[in-house]
Amino acid sequence: GKVFKSTDGGAGWALVNKGLPSGTMFVRKLAIDPSNTSTIYAATASGVFKSLDAGASWRAVNNGIPSSALLVPSLAIDPSHPNTLYAGTGSGVFKSIDGGASWTGLASPANVRALAVDPSNPAIVYAGTFGGFFKSADGGATWSLATGGCQPCGGLVGALAIDPANASTIYVGLPRGGIYKSTNRASTWSPAANGLPSPVPSMQALAIDPAASSTIYAATNAGVFKSVNAGLIWAA
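In this text, all values refer to a predicted model and were calculated from it rather than measured experimentally. (Residues numbered from 1 in each chain as written. Predicted model: local features only at pLDDT ≥ 70, side-chain atom pairs only at ≥ 80, totals over all residues. Heavy atoms only, no water.)

Section: the pairing of strand 11 (residues 112–117)
Part 1 of the argument: Strand 11 sits mainly inside the fold: 5 of its 6 residues count as buried.
Part 2 of the argument: Note that strand 11 and strand 12 (residues 125–129) share 5 bridges and pair antiparallel. For Leu115, the partnering residue across the bridge sits in strand 12 and is Ala127. (Buried < 20%, exposed > 50% of the residue type's maximum accessible area, 1.4 Å probe, protein only. Helix = DSSP H or I, 4+ residues; strand = E, 2+ residues; numbered from the N terminus. Pairing = 2+ DSSP bridges.)

Quick look at the structure:
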């Protein structure tokens, strides 16, 4: 697990790992400050790291996260208030309101694999976990299962994406259940896996084109799939 950077649209890549722990580790998630794109956070197997120089150097920012919770597979930044971050760990969700300088544990579900903050209402936070899909409407203070109409969403939910043009629309990716879509902020769900191979591959990550939100990419253990019609049909 390493961090690479491209400045030419992906034609070339350079390793930007200075300050990250050496040896075996993963970098599961990167979060970029939308108000200052030189500020980047990385979720790793050794905690949360922060760069202030677009990845040229990194330092650990784990004050308040216990050593038993430093394996961090998920991370989300509040786009409305970029100093507010959420880190998902095996012990639950931790929150920082000072750009990672300090963290506070929340009364949240454990084994968090994916996190996202509603871009139009930052009090709403979503978490995909080993035990289902959860929603908080109060900035992470309380959480509830949000699996209406999606029976598989009560199990492992490993991928999550919110439509940047319409925050009511959410997609989740399941290791053994394909992709589900909600158009009402997770009140109800419907399958959105047409065109994916059978058996449906394990979903690892979802990404939405910020300039054309009907275009979605799904990274799976069988390759990358793309939908150009908001999840109606997928193709390799």
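A short note on the nonpolar core
Across soluble globular proteins, nonpolar side chains have a tendency to be buried as a group.
Part 1 of the argument: With 18 residues, the main nonpolar core has Tyr126, Phe133, Leu160, Val172 and Trp189 as its most contacted residues.
Part 2 of the argument: Elements that contribute at least two residues to this core include exactly strand 11, strand 15 (159–162) and strand 16 (170–174).
Part 3 of the argument: When residues in this core are grouped by element, the largest group, 3 residues, is from strand 16.
Part 4 of the argument: Residues within four places of Trp189 in sequence aside, it is in contact with Phe133, Ala146, Thr147, Gly148, Gly149, Cys150, Ile170, Tyr171, Val172, Tyr180, Lys181 and Ser182. (Core = buried A, V, L, I, M, F, W, Y, C linked by side-chain atoms within 4.5 Å. Contact = heavy atoms within 4.5 Å.)

Examining the packing of aromatic side chains
Part 1 of the argument: All told, the structure shown has 2 aromatic pairs when counted by the stated rule.
Part 2 of the argument: Where Tyr126 meets Phe133, the ring centres are 5.7 Å apart and the plane angle is 20 degrees; that geometry is what we call stacked.
Part 3 of the argument: Assessed through its relative accessible area of 0%, Phe133 is described here as buried.
Part 4 of the argument: Summarising the aromatic geometry, the rings of Phe133 and Trp189 are spaced 5.2 Å apart at their centres and angled 85 degrees between planes, so their arrangement reads as edge-to-face. Remark: Trp189 occurs in the loop between strand 17 (178–182) and strand 18 (190–191) and Phe133 occurs in strand 13 (residues 132–136); sequence separation between them is 56 residues. With respect to class, Phe133 is no different from Trp189; both count as buried. (Phe/Tyr/Trp six-rings, centres within 6.5 Å; stacked < 30°, edge-to-face > 60°.)

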